2 protein chains.
Amino acid sequence: MSDYDVVVLGAGIAGMCAAIAAAEEGRSVLLVDAEDSIGGRSQFSTGMIMAAGTRFQREKGVEDDAESLFRHYMTLNQWKVDAGVVKALCYEVGPAVEWLADMGLQIKDVYFSGDENVPRGHVTVGGDAIVKVLHSRVRNAGIDIALRRRVDQLVVEDGRVTGVRVGDDSISASVVVLATGGIEGNPRLIEKYIPMAVELAGTRGVYPNGGAEVAKYSQGDAIPLSQQVGAQITGFNRFLANITPGFSTESDTYFPAWLVVVNSEGRRFYDEMSPYSVTQPIVYEQGGPVYAIFDDEAKRAAQPRTTEKQRKVRIPGQTWEDWIEPVIDENVHTGKVIKRDTIAGLARALDIPPDNLVKTLQKYNADVAAGEDTQFLKKPDYMRPVTSGPFYAAEVRLSRLSVTAVGPKVDRDGRVLDGGNAPIRGLFAAGECTGGVLGDVYVGSGNALANCIAFGRVAGRSAARSVGRSRVVAMAGEIAAPHSERP
Amino acid sequence: MSDYDVVVLGAGIAGMCAAIAAAEEGRSVLLVDAEDSIGGRSQFSTGMIMAAGTRFQREKGVEDDAESLFRHYMTLNQWKVDAGVVKALCYEVGPAVEWLADMGLQIKDVYFSGDENVPRGHVTVGGDAIVKVLHSRVRNAGIDIALRRRVDQLVVEDGRVTGVRVGDDSISASVVVLATGGIEGNPRLIEKYIPMAVELAGTRGVYPNGGAEVAKYSQGDAIPLSQQVGAQITGFNRFLANITPGFSTESDTYFPAWLVVVNSEGRRFYDEMSPYSVTQPIVYEQGGPVYAIFDDEAKRAAQPRTTEKQRKVRIPGQTWEDWIEPVIDENVHTGKVIKRDTIAGLARALDIPPDNLVKTLQKYNADVAAGEDTQFLKKPDYMRPVTSGPFYAAEVRLSRLSVTAVGPKVDRDGRVLDGGNAPIRGLFAAGECTGGVLGDVYVGSGNALANCIAFGRVAGRSAARSVGRSRVVAMAGEIAAPHSERP
C-alpha cells in the first residue's frame, strides 16, 4: 500500500488545485514543495484568469462560451497547438474559475485581457489572494503539506511511477502530479529550451519578471524528473517576454501612450498600445532592434505617480515606473536613452535612415492632427505629436521573461506523454511546468493562470480517478519532513 | 497633357478592377499587359472570393460584418500585418463583391473557406468567369487595352511618376497603377524575396501552381518598376504554398481523409483535414520532413474518379488526383512512396523512431474505434483505421507555390509607399503584386482575390481622384501597339 494515493510536486496555484481536486475525489494527498512556504511563483502573479462562459461574464452582460475561446485561442496560435488539449483548457477553465469562487475567491471584474472580442480576463485581488483561498481549502481538505523538500527523483517500477525520492527518503504514491512551475529561474534550461529568449535579450541578458526573488520558484524540476521516465518535452521556444527599456530589472508591463516605437528602418510597425500578448510576435518579426521615440514635452510631462495602490503586482523591489522624467534623465547619463536636438540627428545616432525616421514622425504628427492613425489604428486619444526638441530614443527589448511554456507534454486529462504520445503510467502534470498547452503567442493576460487552474484541477481529478482502489489512511506522520506544515 | 489620366499595368483581375474603377470616376484609362490576352494569372484561379457583410451572406442567413473579418484576419496573422491596410481590405471587399455581381458576376454560394467562424468564401464559376465579366465591362467603359506590351520602365519627372516606357515608346499618364501579379514565375525573385519557399521545397524544387503555363503571368514586374522610384518592398517570405507528395507538378489541394500525417518524430501534429491556410504554418513548425501514412486497404479503395466536372480549377494539364491506386503504385516504383510490411519497418525506412510511429497509429486506431480524435479533433466520420499491411508512406512537402505576397508596400488608398512610408507621387498598386496586405498566413481560400478586387477597385478609384483635372480626350490611336485590342 502506498503512503499516499496522490503526491503533488509544487505548491503553487496549479499544484494546490490538483491536490484539492484529488482530495475532493476522496484520495489521500501529499503536497510537496522545495521552498519554505506555499504559493510558488503564482503568488506574485497579477491574479488575472482568462476564462469564457462564466457566471461573472454573464453578470456583466458578456455573451461568451468556451467554444469561442477555443476558436480564438487556436486562431491566434495559427493552429500550432494541439486542438484536443486546448479544447480541454477552454472548456475547463470557466468551471474552474467558478470552483475557485465557490471556495471564496473574489472575482472583482471581467476585463479585456488581450486581443479577444469579448472581455475574458477575470480580475482577482492578485495571485497571493488566490493562493490564500487555495491554502485554506488545502488545510480543510486534509491534504498533507511537506515544505523544503526538493524531490530528486521519481521512483519507477516496471515503467510506472510509484513515488518520489527526496535525498535518502522516499514516499510511495499511486500517482504523482508534477506542478513545479516554469524555467524562469534556471539559465541552463532557458538556454537549452528557449534560446530565442536569450537571442531577443542580447547583451542585456534575460531577466525573469520579478527578479531572483521570484525566479527561485521556477527551477524547471519537471523537465529532468519527467525525462527520467521518457516524457516528451515540448514547447521549444515558447515563452512570454515583455518589452522593456532595461532601465531597471523591474519594468512596466505597458508603455505610456506617448511613445512612438520604430524599427531599425525608422518605421513604425504597430499600435504601441497593443496587448503584450501580440507585442511579442510583432516585435520579433522586425528582426532587429526597435526604439521608443519621444520628445522633450512628453518627457517633461511624465512625472512620478507611483503609489502603493498602483502596484497591482506586489513584487519585492518593484519600482513600477520606467517612463518618468527622473528615470529618463538618469538614463540619458547612463547612455540607455539617446538625446539629440533633431530627429535626423537622433536617427544618425541610432544608425537608422534619417529620412525614414523624419517621414515616419511627419506622418505620425499628421495623423495626430487628423485624429486618426491611418496605419495602425492606435486610438487617437492616446496620440500626441512628437515635435518639440530635444528628442529622445531608448532601445526597447523583449528581455523580461514572464512565462515559460516548455516541459513535459500532457494530454487533455493531464497525463504526461512519452515520445509516441502514449501516457506514462502514474504520472500527471499541470500548470506552467507543462508544454503544449500554451502556444507561440500568449493569448492574453490570464492565459498562464487559466492553464494552472484548469489543468491543475483536471490533472488532480484524473490522477485521483486513475487510482483503482479506495482511499487509504494517510500516514503523514511517517513521512512529513521536520519542517512540514501540519494541517 | 498626358496621353491618359490613368495607365494600369496588368490586365488580371486586380488591374481590370482598377481600370474600371478609374473609368467610373470619369478618367481616361489605358490597360497594358505583357501577354497576348487579358486575364493574367487570375483566370486560372478557383474564383473564390473571401468577403464579409455581403448580401449573398445575408441571403444564406449568415450574420457577418467587415469588423469580424478584420479581427479574424488580424488574429490569425498575430497582428503582424498593418491594421490600417487590412481594415480597408475587409471593409472594401464586401462592396467590391457586390459591385462585381452588379456587373453580372454570378455568386453561386457562400462556403467556409478556411479557419473562419462563418462562411465567407464567395463561390463563383471560376477565375475565368470573373475575367469575362470584367473584360466586358472594360470594353463598355471605353477603356483602351494594349496587349503584348511589357513595360520596361516608369517615366519619372521630379520624383513623380508621369508615364511608362515600352522599348522606345513612351506613354504619358497622370498616374500609373501597378497590377502585375505575383512572382511565381520568376525564380530569381523567389530566391531573393521568399527564400523560405525554396527551403521548404528542398531538392524537389518550388513549382508554381499550374506550371509554366500559368506562371508566365507572374513575373513580378512591379518590384523592379517600383524600386526605380524608391518604393519600399515588403512581405519578405510571405506566400502560400500547398502541401503535395510531388507525384506530379499538378497536385490536389486537399488530401484524402484516410491519410495520417506524421512528423520526423513519428507523431501526428494536426487534423489532416485542416484548411490549407493553416496547414502551411503547422507543417512549417515541424522543422523537418513530414510523411503521409496509409495502409493497403485504403490504397485499394482509392480509385480514380476524375471527371471534367470535378476539375473546379481549369488548369492546363491538370490531373487533379494524386491519391489513387494507379498513381500510388506507379510511385512505389519511382521510390516516392515507401512500402513495407510492418509499421515498424516503414518507420525504419523513413528513419523515424519505430516505437513512436507504432504508438501513434495505435492511438489513432483506438481513437477511430472510440469515434473521437482526442488529440486534433479530426472529424470521426473521416477517420479510418490504419491496420492492414502492407503499409505506405510518402513524404509530403509545401512545395507548390500558389500565391506570393511580396512587393511594393501600399497604404489603405493603394498608394505605393517609400522607405519612410510616404506615398510616391503618381504611383499606385493593387493585387498580388503588392506587399503588406496578406500576412504570414493565408486567411483562407479567396484571400488573394479579395485583395485583387478590393484593392484593385480602391487603387483605381484613388488614382482617378488624385488626378486633379477633368477628363482629357483619350488618344488611343497614337499609342496603341499594333496588336492591341481596340474597344
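Worth saying up front: this structure is predicted, and the values here are computed from it rather than measured. (Residues numbered from 1 in each chain as written. Chains lettered and ligands numbered in written order. Predicted model: local features only at pLDDT ≥ 70, side-chain atom pairs only at ≥ 80, totals over all residues. Heavy atoms only, no water.)

1. Observations regarding the sheet that holds strand S3 (residues 49-50) of chain B
All names here are of chain B. The sheet built from three strands is open, its strands ordered S3-S5-S4 with antiparallel pairing. The two strands at the open ends of the sheet, each matched to only one other strand, are S3 and strand S4 (109-111). The pairing of S3 with strand S5 (residues 121-123) spans two bridges and is antiparallel. Counted as the bridge partner of isoleucine 49 is histidine 122 from S5. (Pairing = 2+ DSSP bridges. Helix = DSSP H or I, 4+ residues; strand = E, 2+ residues; numbered from the N terminus.)

2. What to know about the side chain of glutamate 35 of chain A
Residue and element names in this part refer to chain A. Among the secondary structure elements, glutamate 35 is positioned in the loop between strand S2 (29-32) and strand S3 (49-50). Given the relative accessible area of 15%, glutamate 35 is considered buried. Apart from residues no more than four positions distant in its own chain, glutamate 35 is found in contact with Leu147, Arg148, Lys216 and Tyr217. (Buried < 20%, exposed > 50% of the residue type's maximum accessible area, 1.4 Å probe, protein only. Contact = heavy atoms within 4.5 Å.)

3. Quick notes on the nonpolar core
The biggest cluster of nonpolar side chains holds 281 residues, and the ones touching the most others in it are Trp323 of chain A together with Leu100 and Trp323 of chain B. For this core, the element with the most residues is helix H4 (residues 83-103) of chain B, which contributes 13 residues. (Core = buried A, V, L, I, M, F, W, Y, C linked by side-chain atoms within 4.5 Å.)

4. Details of the pairing of strand S19 (residues 423-429) of chain A
Residue and element names in this part refer to chain A. With respect to burial, S19 is a largely interior element, five of its seven residues being buried. For strand S9 (residues 169-178) and S19, the ladder comprises three bridges, and the chain directions are parallel. Paired with valine 177 across the strands is phenylalanine 428, a residue of S19. The pairing of strand S18 (residues 415-417) with S19 spans two bridges and is classified as antiparallel. Looking at the pairing, arginine 415 lines up with phenylalanine 428 of S19. Linking two consecutive strands that pair antiparallel, namely S18 and S19, is a turn of five residues; a positive phi of about 65° is found at asparagine 421 within it.

5. A look at the packing of aromatic side chains
Applying the stated criterion to the full structure yields 18 aromatic pairs over all chains. With a centroid separation of 6.1 Å and 85° between ring planes, the pair formed by phenylalanine 70 of chain B and tryptophan 79 of chain B is classed as edge-to-face. Assigned by exposure class, phenylalanine 70 of chain B and tryptophan 79 of chain B land together as buried. Measuring from ring centre to ring centre gives 5.5 Å for tryptophan 258 of chain B and phenylalanine 294 of chain B, while their planes differ by 70°; the resulting arrangement is edge-to-face. Placement of the pair is tryptophan 258 of chain B in the loop between strand S12 (239-244) and strand S13 (260-263) and phenylalanine 294 of chain B in strand S14 (residues 290-295), with a sequence separation of 36 residues. Overall, the relative accessible area of 14% leaves tryptophan 258 of chain B in the buried class. Here the aromatic residues Phe247, Phe255, Trp258, Phe294, Trp323 and Tyr392 of chain A are joined through ring pairs into a cluster of three or more. One cation-aromatic arrangement involves lysine 87 of chain A over phenylalanine 70 of chain A; the distance from NZ or CZ to the ring centre is 4.7 Å. (Phe/Tyr/Trp six-rings, centres within 6.5 Å; stacked < 30°, edge-to-face > 60°. Lys NZ or Arg CZ within 6 Å of the ring centre and 35° of its normal.)

6. Concerning the side chain of aspartate 373 of chain A
Residues and elements named next belong to chain A. Residue position: aspartate 373 is located in the loop between helix H14 (354-370) and strand S16 (391-404). Residue classification places aspartate 373 among the buried residues on the basis of a relative accessible area of 2%. A polar contact of 3.1 Å, which involves the side chain of aspartate 373, links it to the side chain of arginine 268. In this structure aspartate 373 touches Arg268, Asp367, Lys378 and Met383, once residues within four positions along its chain are discounted. (Polar contact = N/O pair within 3.5 Å; in protein donor to acceptor, adjacent residues only side chain to side chain.)

7. Focus: the interface of chain A and chain B
Chain A puts 40 residues into the contact, and the matching count from chain B is 40 residues. Summing both partners gives a buried area of about 3500 Å² for chain A against chain B, and 47% of it is carried by carbon and sulfur. There are eight salt bridges connecting chain A and chain B. Residue arginine 238 of chain A is joined to glutamate 285 of chain B by a salt bridge in which the shortest nitrogen-to-oxygen separation is 2.9 Å. Put simply, chain A and chain B have 26 residue pairs in polar contact (both at pLDDT 80 or more) between them. No other element matches the five residues that helix H3 (residues 66-76) of chain A contributes to the side of chain A that touches chain B. (Buried area = accessible area lost by both parts, 1.4 Å probe. Salt bridge = Lys/Arg side-chain N within 4 Å of Asp/Glu carboxyl O.)

8. A short note on the domain arrangement of chain A
Taken domain by domain, chain A holds domain 1 (4-182 + 220-238 + 405-479) and domain 2 (240-400). Measuring from the centre of the C-alpha atoms in domain 1 of chain A to the corresponding centre in domain 2 of chain A gives 37 Å. (Domains from an automatic or database assignment.)

9. Quick look at the environment of proline 304 of chain A
Residue and element names in this part refer to chain A. As for its placement among the helices and strands, proline 304 is situated in the loop between helix H11 (296-301) and helix H12 (325-334). Residues proline 304 and arginine 71, spaced 233 residues apart in sequence, show a C-alpha to C-alpha distance of 41 Å. Apart from the residues lying within four places of it in its own chain, the contact partners of proline 304 are Glu321, Ile324 and Pro326.

10. Examining the packing of H4 of chain B against helix H15 (residues 447-466) of chain B
Residue and element names in this part refer to chain B. Direction vectors running N to C along H4 and H15 enclose 95°, while the axes themselves pass 8 Å from each other. As the angle between them shows, H4 and H15 are arranged roughly perpendicular. Every residue of H15 that contacts H4 at Val85, Ala88, Leu89, Glu92, Val93, Pro95, Ala96, Val97, Trp99 and Leu100 is listed here: Ala450, Asn451, Ile453, Ala454, Phe455, Arg457, Val458 and Arg461. Across the contact of H4 with H15, the residue classes break down as 14 nonpolar, one polar and three charged. (Axes fitted to C-alpha atoms, helices over the stretch in contact; angles between N-to-C directions. Parallel < 35°, antiparallel > 145°, perpendicular 65-115°, else oblique. Nonpolar A, V, L, I, M, F, W, Y, C, P; charged D, E, K, R; others polar.)

11. Topic: helix H12 (residues 325-334) of chain B
Residues and elements named next belong to chain B. Residues of H12 that are buried: Glu325, Val327, Ile328 and Asn331. One side of H12 carries all its buried residues, which in axial view fall inside an arc of 160°. Turned more than 90 degrees off the buried face of H12, the exposed positions are Glu330 and His333. Among the structural elements, S14, helix H11 (296-301) and strand S15 (337-340) are those in contact with the buried residues of H12. Two residues or fewer past H12, glycine 335 is found with a positive phi of approximately 90°. (Arc of directions from axis to C-beta.)

12. A word on the sheet that holds strand S4 (residues 109-111) of chain A
Residues and elements named next belong to chain A. Taken in spatial order, the three strands make up an open sheet running S3-S5-S4, and their pairing is antiparallel. Strands with a single pairing partner mark the edges of an open sheet, and in this sheet they are S3 and S4. For S4 and strand S5 (residues 121-123), the ladder comprises three bridges, and the chain directions are antiparallel. Across the sheet, tyrosine 111 pairs through a bridge with glycine 121, a residue of S5.

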